[in-house]
Amino acid sequence: MTLPRTALSSPRDVARQARGPAGTCPVGMVTDRDLVLRCVAERLDPDQTSLRDIMSSPICSVIEDTPIESALATMAAAEVRRAVVIDSEGTLVGILALDDILELLIEETQAIGALLRGQAPS
């Protein structure tokens, strides 16, 4: 699949504007790691480099009502740290990062710790 070159097509453009047009179906993902390994390390000009040249594709995606455990299993199977979140029509609604899940787990663990501290015998 050849992607059309758009106004939002270079890494520098993406850094300037993080959101794409509404209703856009994701076809790839560009992470900070992609920028470093495929653009900076290769000494490519970010103004002349197309996103299709450095993006990770195919992408790992999950539907927005997927349970976190299933999303984690999908990400683990694909060996990725991020998954795009889509609605039932394939439209991008967000990005789920492993760091987001870890933050949630930390919050839950802290809540459990507070509960246990509150129930400790005096």
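Note that the structure is a prediction, hence the values are computed from the model and not measured.

Asks: Now, about the overall build of the chain: what can you tell me, with residues and values included?
Replies: Across its full length, the chain holds five helices and three strands. Reading the chain from its N terminus to its C terminus gives the helix and strand order α-α-α-β-α-β-β-α. The proportion of buried residues among the 122 residues of the chain is 24%. Taking the contacts inside the chain whose residues are at least 6 apart along the sequence as the reference set, 52% of them involve residues at least 24 apart.

Asks: An account of the confidence of the model for the chain is needed here, citing residue identities and associated values.
Replies: For the chain, mean pLDDT is 80; residues scoring 70 or higher make up 79% of the total. Counting interchain partners and residues more than four positions distant, the pLDDT-below-50 stretch residues 1-11 has 29 contacts. Predicted confidence for residues 14-20 stays below pLDDT 50, and this span has five contacts to residues more than four positions away or in other chains.

Asks: Explain the pairing of strand β2 (residues 82-86) to me, and be specific about the residues and the numbers.
Replies: Among the five residues of β2, four are classified as buried, and the element is accordingly described as predominantly covered. For strand β1 (residues 61-63) and β2, the ladder comprises three bridges, and the chain directions are parallel. The residue of β2 that forms the bridge with I63 is I86. Handedness of the crossover is the feature at issue here: the chain leaves β1, passes through helix α4 (residues 68-78), returns alongside β2, and the resulting connection is right-handed. Here β2 pairs with strand β3 (residues 92-97) via five bridges, running antiparallel. Residue pairing across strands places I86 opposite L92, the latter belonging to β3. Where β2 folds back on β3, the antiparallel hairpin that results is connected by five residues, among which G90 adopts a positive phi of roughly 85°.

Definitions and limits used
Residue positions are given per chain, counted from 1 along the sequence in the order it is written. Given that the model is predicted, a residue must reach a pLDDT of at least 70 before its local features are reported, and side-chain atom pairs must reach 80 or more before they are shown or counted; all residues, however, enter totals for whole chains, interfaces and linings. Side-chain figures throughout are based on the complete set of non-hydrogen atoms in the structure, without hydrogens or water. In this description a helix means any DSSP run of H or I spanning at least four residues, a strand means any run of E spanning at least two, and both kinds are numbered starting from the N terminus. Residue exposure (1.4 Å probe, protein chains only): buried if accessible area is under 20% of the type maximum, exposed if over 50%, otherwise partly exposed. Working rule for contacts: check all heavy atoms of both residues, and any pair within 4.5 Å makes them a contact. Here pLDDT means the predictor's own confidence in every residue, given as a number from 0 to 100. Strands are labelled as partners when DSSP assigns at least two bridges between them. Every crossover in which the path from the first strand over the helix to the second runs clockwise, viewed with the strands pointing away from the viewer, is termed right-handed.

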